[in-house]
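Chain by chain, the residues run as shown.
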2 protein chains.
Amino acid sequence: MGTKKKFAVILAGCGNRDGAEIHESVMTLYAIAKSGSSYQVFAPDIKQHHVINHYTGEITRESRNILVEAARIARGKISPLSDFDVQEYDILMFAGGFGVAKNLCNYAFEGSGCKINPDIEKAVRAMHSAGKPIGALCISPVILAKVLDQVTITMGQDPEAISNVKAMGAVHQPTHAGEIVIDQKNKIVTSPCYMLDSTIVDVANEAMKVVDALIAF
Amino acid sequence: MGTKKKFAVILAGCGNRDGAEIHESVMTLYAIAKSGSSYQVFAPDIKQHHVINHYTGEITRESRNILVEAARIARGKISPLSDFDVQEYDILMFAGGFGVAKNLCNYAFEGSGCKINPDIEKAVRAMHSAGKPIGALCISPVILAKVLDQVTITMGQDPEAISNVKAMGAVHQPTHAGEIVIDQKNKIVTSPCYMLDSTIVDVANEAMKVVDALIAF
């Protein structure tokens, strides 16, 4: 197939409140496989910022590792982000979840003044410099807004997030459920997913549209 | 819509080696929502048998609770299985994962002589007695084989699993990726999912076929 691409997918743990949003992560893998492309999952081999009990919403005393937890979504087929080699992949993609804003950067605490994990920043810069496409769902476009110059992205309709990415120098396009935003010049595709009060069907549809748009570059 | 049904979905944690298989769980929720039906997720409020590091495959010293971990897949919208009321739901469905065989019963350790968690057994018997359909993916048909009489199910192609469910009194139909088995008399639909060396696309397709067949009863 002419559209068969090799995707690197970066996950931020396993669970929407402290790690990777699971529906967005699984739908990303599904959309890639459905397109006839292949994927390798990556995560940084570092501790999560914290662990949240997803039933009660309370912070627990546990300590968990992002790579180890993301391996649950990847069914063990995962590599440490330090092994990521830009030469080996055609497209980079991020799923969302609070773990992106807590583990891959500290956006959840510092907003527009956030710092990005060095391996994440390196991967994004390397892909962008090589002219390769990058996709980002939900909250993860904040990473692209922070690392790259004047990218056009979406954060859905969230006023605070929109204000923050504009302060980082990004151009913001609001979206509703099922919509994606394509930055043709920077080869970046983003969609709001659970930044909105979306359904799992919206998330699946957006993941498929994002993957198709990334492949079409 | 005439096909709109209320599903109860039972998960066994979060992660294929010690809990619910995440792809099967998410694809179950997706298939239900895509059909226009609704779901409520349930899990028993008990400790997992053990915790496995999904990156290394090693058993860890951690202790985790099935309801709390399954809440990661359900995004917090989950109820303890003790709250399950057969009157409120049209269809019951199980995703797979080793957690089914370690947490919802002890099939992983006792094979055909396994014991089923009392709340799981109660839910299955109540649905079946009420003439309501039950779906089960991957390893979870072992629960139906053990609790109900002479059900027709699939375990894919695994010789040991096939031998075990036959010893429990079930009728076995082998399947390949993408196939489902319908027991018309008992209103049971099963599919092999990751009991085979399947892809995430196979799992999605099977989940959608199972949900459609359950709704069609």
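Our subject is the structure that appears above.
Residues numbered from 1 in each chain as written. Chains lettered and ligands numbered in written order. Predicted model: local features only at pLDDT ≥ 70, side-chain atom pairs only at ≥ 80, totals over all residues. Heavy atoms only, no water.

Explain the overall build of chain A to me, and be specific about the residues and the numbers.
What chain A contains, in helices and strands, is 8 helices and 9 strands. Relative to a compact globule of 217 residues, whose C-alpha radius of gyration would be 17 Å, chain A shows 15 Å and is just as compact. Counting only C-alpha atoms and orienting by the principal axes, one finds that chain A spans roughly 50 × 35 × 35 Å. Considering chain A as a whole, with its 217 residues, one finds that 62% of them fall into the buried category. For chain A, the share of sequence-separated contacts (at least 6 apart) that also reach a separation of at least 24 residues comes to 68%. Working note: accessible area of chain A is about 8,200 Å², and carbon and sulfur atoms make up 46% of it. Taking the average location of the 21 positive side-chain charges in chain A and that of its 23 negative ones, the two points are 4 Å from each other. (Helix = DSSP H or I, 4+ residues; strand = E, 2+ residues; numbered from the N terminus. Rg over C-alpha atoms; globule rule 2.2 N^0.38 Å. Buried < 20%, exposed > 50% of the residue type's maximum accessible area, 1.4 Å probe, protein only. Contact = heavy atoms within 4.5 Å. Areas by Shrake-Rupley, 256 points an atom, 1.4 Å probe, with all protein chains shown as cover. Lys, Arg positive; Asp, Glu negative; His and termini not counted. Charge placed at Lys NZ, Arg CZ, Asp CG, Glu CD.)

Could you give an account of the interface of chain A and chain B, with specific residues and numbers?
Counting residues at the interface gives 37 residues for chain A and 37 residues for chain B. Approximately 3,100 Å² of surface area, both sides summed, lies buried where chain A meets chain B, with 60% of it carried by carbon and sulfur atoms. Taken together, the links from chain A to chain B amount to 6 salt bridges. One salt bridge connects Asp18(B) with Arg72(A), and the closest N-O pair in it is separated by 2.8 Å. (Buried area = accessible area lost by both parts, 1.4 Å probe. Salt bridge = Lys/Arg side-chain N within 4 Å of Asp/Glu carboxyl O.)

Lay out the relation of the copies chain A and chain B with the relevant residues and their values.
Least-squares fitting of chain A to chain B yields an RMSD of 0.0 Å, with the superposition described by an axial translation of 0.0 Å and a rotation of 180°. These values place the two chain copies in the arrangement generated by a two-fold rotation axis. Looking at the rotation axis and the C-alpha trace of chain A, the residue lying nearest is Val26(A), at 3.6 Å. Mapped onto chain B, 100% of the interface residues of chain A are again interface residues, and the two copies thus contact each other with one and the same surface. (Least-squares fit on C-alpha atoms with pLDDT ≥ 70 in both.)

Hey, could you go over the sheet that holds strand β3 (residues 78-80) of chain B for me, with residue numbers and the actual values?
Residue and element names in this part refer to chain B. Taken together, 7 strands build an open sheet; the order of strands is β3-β2-β1-β4-β5-β9-β8 and the sheet is mixed. The strands lining the two open edges of the sheet, one partner per strand, are β3 and β8 (181-183). The average undirected angle you get between the axes of adjacent strands in this sheet is 25°. By the bridge criterion, 5 bridges tie strand β1 (residues 6-10) to strand β2 (residues 38-43) in an arrangement that is parallel. Paired with phenylalanine 7 across the two strands is tyrosine 39, which belongs to β2. Sheet contacts for helix α1 (residues 22-34): β1, β2, β4 (91-94) and β5 (134-137); angle to β2, the most-contacted strand, approximately 150°. (Pairing = 2+ DSSP bridges. Axes fitted to C-alpha atoms, helices over the stretch in contact; angles between N-to-C directions.)

Report on helix α1 (residues 22-34) of chain A, specifying residues and quantitative values.
Residues and elements named next belong to chain A. Taking 1.5 Å of rise per residue, 13 residues should cover 18 Å, and α1 covers 18 Å from first to last C-alpha, within 8% of that figure. With 11 of its 13 residues buried, α1 lies for the most part within the structure. Taken together, the buried positions of α1 are occupied by Ile22, His23, Glu24, Ser25, Val26, Met27, Thr28, Leu29, Tyr30, Ala31 and Ile32. Sitting at the head of α1, glutamate 21 places a side-chain oxygen 2.8 Å from the backbone nitrogen of histidine 23. Just downstream of α1, glycine 36 is the residue with a positive phi angle, here 90°. (Expected span 1.5 Å × (residues − 1). Polar contact = N/O pair within 3.5 Å; in protein donor to acceptor, adjacent residues only side chain to side chain.)

Provide a residue-level description of helix α5 (residues 118-129) of chain B, including the pertinent values.
Residue and element names in this part refer to chain B. The first and last C-alpha atoms of α5 sit 16 Å apart over 12 residues, in line with the 16 Å expected at 1.5 Å per residue. For α5, the full list of buried residues reads Ile120, Ala123, Val124 and Met127. One side of α5 holds all its buried residues, which, seen down the axis, span an arc of 95°. Structural note: α5 exposes Pro118, Lys122 and Ser129 on the side pointing more than 90 degrees away from its buried face. Against β1, β4, α3 (98-104), β5 and α6 (141-147) lie the buried residues of α5. Two to three positions downstream of the cap, the backbone nitrogen of aspartate 119 sits 2.9 Å from a side-chain oxygen, assigning the N-cap of α5 to asparagine 117. In the segment just after α5, glycine 131 is the residue with positive phi, at about 70°. (Arc of directions from axis to C-beta.)

Which residues make up the packing of aromatic side chains, and what are the values?
Residues and elements named next belong to chain A. As enumerated under the stated definition, the model contains 7 aromatic pairs over all chains in all. A ring pair is formed by phenylalanine 42 and tyrosine 89, whose centres lie 5.6 Å apart and whose planes are at 90°; its orientation type is edge-to-face. One end of the pair, phenylalanine 42, is in strand β2 (residues 38-43); the other, tyrosine 89, is in the loop between β3 (78-80) and β4 (91-94), with 47 residues separating them in the sequence. The two residues phenylalanine 42 and tyrosine 89 agree in class, both being buried. Cluster of aromatic residues (ring-pair linked, three or more members): Phe42, Phe84 and Tyr89. For lysine 6, the ring lying beneath its charged end belongs to tyrosine 89, and the centroid distance is 5.7 Å. (Phe/Tyr/Trp six-rings, centres within 6.5 Å; stacked < 30°, edge-to-face > 60°. Lys NZ or Arg CZ within 6 Å of the ring centre and 35° of its normal.)

For the nonpolar core, give the residues involved together with the corresponding values.
Looking at soluble globular proteins, one finds that nonpolar side chains tend to be buried together. Counting residues in each nonpolar core, the largest one holds 158 residues, and the members touching the most others are Phe94(A), Ile143(A), Phe94(B) and Ile143(B). When residues no more than four places from it in sequence are discounted, the contact partners of Phe94(A) are Ile10(A), Leu104(A), Ile120(A), Val124(A), Ile134(A), Gly135(A), Ala136(A), Leu137(A), Ser140(A), Ile143(A) and Leu144(A). (Core = buried A, V, L, I, M, F, W, Y, C linked by side-chain atoms within 4.5 Å.)

Describe the pattern of salt bridges, naming the residues involved and giving the relevant values.
Pairing is possible between side chains of opposite charge, provided their charged atoms come close. In the structure shown here, the tally under the stated rule is 12 salt bridges over all chains. Note that Arg125(A) and Glu121(A) form a salt bridge whose closest N and O atoms lie 3.0 Å from each other. Here Arg125(A) and its partner Glu121(A) are both found in helix α5 (residues 118-129), 4 residues apart, which amounts to about one turn of the helix. Classification of Arg125(A) by relative accessible area gives partly exposed; the value is 41%. Each of the salt bridges in this network shares a partner with another, and the network as a whole consists of Asp18(A), Glu62(A), Arg64(A), Glu69(B) and Arg72(B).

Function-wise, these values are silent; they only describe arrangement.
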